[in-house]
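Coordinate analysis (summary)
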Amino acid sequence: MGPGPHAKVVTKAETWLVKLGIVIYSGDPETVWNGFRLGLLALSANDSVSVFLLAKGVEAELMDTEQYVVSEKLVEFVEAGGKVMSCGTCLVARSLDASKYCKSATMGSLYDLIKESDKVISL
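Residues numbered from 1 in each chain as written. Predicted model: local features only at pLDDT ≥ 70, side-chain atom pairs only at ≥ 80, totals over all residues. Heavy atoms only, no water.

Examining the nonpolar core
Operational definition: Residues belong to one nonpolar core when they are buried, are Ala, Val, Leu, Ile, Met, Phe, Trp, Tyr or Cys, and are joined through side-chain atoms within 4.5 Å. Type-normalised accessible area, obtained with a 1.4 Å probe on protein chains alone, sets the label of each residue: buried when under 20%, exposed when over 50%, and partly exposed for intermediate values. Going along the chain from the N terminus, every DSSP run of H or I of four or more residues is numbered as a helix, and every run of E of two or more is numbered as a strand. Contacts are assigned to residue pairs with any non-hydrogen atoms lying within 4.5 Å of each other.
In terms of nonpolar packing, the biggest core is built from 31 residues, with Phe36, Val51, Phe52, Leu53 and Phe77 touching the most fellow members. Of all the secondary structure elements, the ones that give two or more residues to this core are strand S1 (19–24), helix H1 (29–44), strand S2 (48–53), helix H2 (70–79), strand S3 (83–87), helix H3 (88–93) and helix H4 (107–116). Broken down by element, the residue count for this core peaks at six residues, all from H1. With sequence-adjacent residues up to four places away left out, Val51 is seen in contact with Ile22, Ile24, Phe36, Phe77, Lys83, Val84, Met85 and Leu113.

Quick look at the structure:
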């Protein structure tokens, strides 16, 4: 017997425990790598995670070192369900383009991330 006429269908979005926003402005590969590790941990706990790359953070895909392969961690994060946005103005200032994994966004997008998140951290 199926659900009654007033049964509520629960979507994945409604099962999220926390909506976490991570703002990454650092140019330090270890810090950025750890930001995506934290995001992956939160995703594994069924949280929603959005990352906004700002200032030097928009260079994340170019920060790979032998010890901290940031680009791989970023791809792993997106493939696990995380969302990554890059400040469009910051990209232009560095003559960079948005990528498949880091979509260009605006200050309005950052404001929305902050407003809609339960918790926001910056690195």
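Some details on the environment of Cys87
Mapped onto the secondary structure, Cys87 falls in strand S3. It is 5.7 Å that separates the C-alpha atoms of Cys87 and Thr106, two residues lying 19 residues apart in sequence. For Cys87, the residues in contact, after removing those within four places along its chain, are Phe52, Leu53, Leu54, Val58, Ala105 and Met107.

Some details on the sheet that holds S2
Selection rule: Two strands qualify as a pair provided that DSSP identifies no fewer than 2 bridges between them. Whenever a helix is involved, its axis is fitted only over the stretch in contact; in every case the axis is a line through C-alpha atoms, and angles between N-to-C directions fall within 0 to 180 degrees.
Read from one edge of the open sheet, five strands run S4-S3-S2-S1-S5, paired in parallel fashion. Only two strands of the sheet have a single neighbouring strand rather than two, namely strand S4 (103–105) and strand S5 (119–122). Going from strand to strand, the sheet's axes swing by 25° on average, the running direction of each strand aside. This element, H4, spans S1, S2, S3, S4 and S5 of the sheet and lies at about 145° to S2.

So, the pairing of S3
As a reminder, the rule being used: If the strands point away from the viewer and the path from the first strand over the helix to the second runs clockwise, then the crossover is right-handed.
Summarising burial for S3: four of the five residues are buried, a large majority. Note: S2 against S3, four bridges, orientation parallel. Residue pairing for S3: Val51 is matched across the bridge by Val84. The parallel pair S2 and S3 is bridged by H2, and the resulting crossover is right-handed. As judged from the three bridges shared by S3 and S4, these two strands associate in the parallel manner. By the bridge assignment for S4, Met85 is matched with Lys103. After leaving S3, the chain enters H3 and then returns to the sheet as S4, a path that is right-handed.

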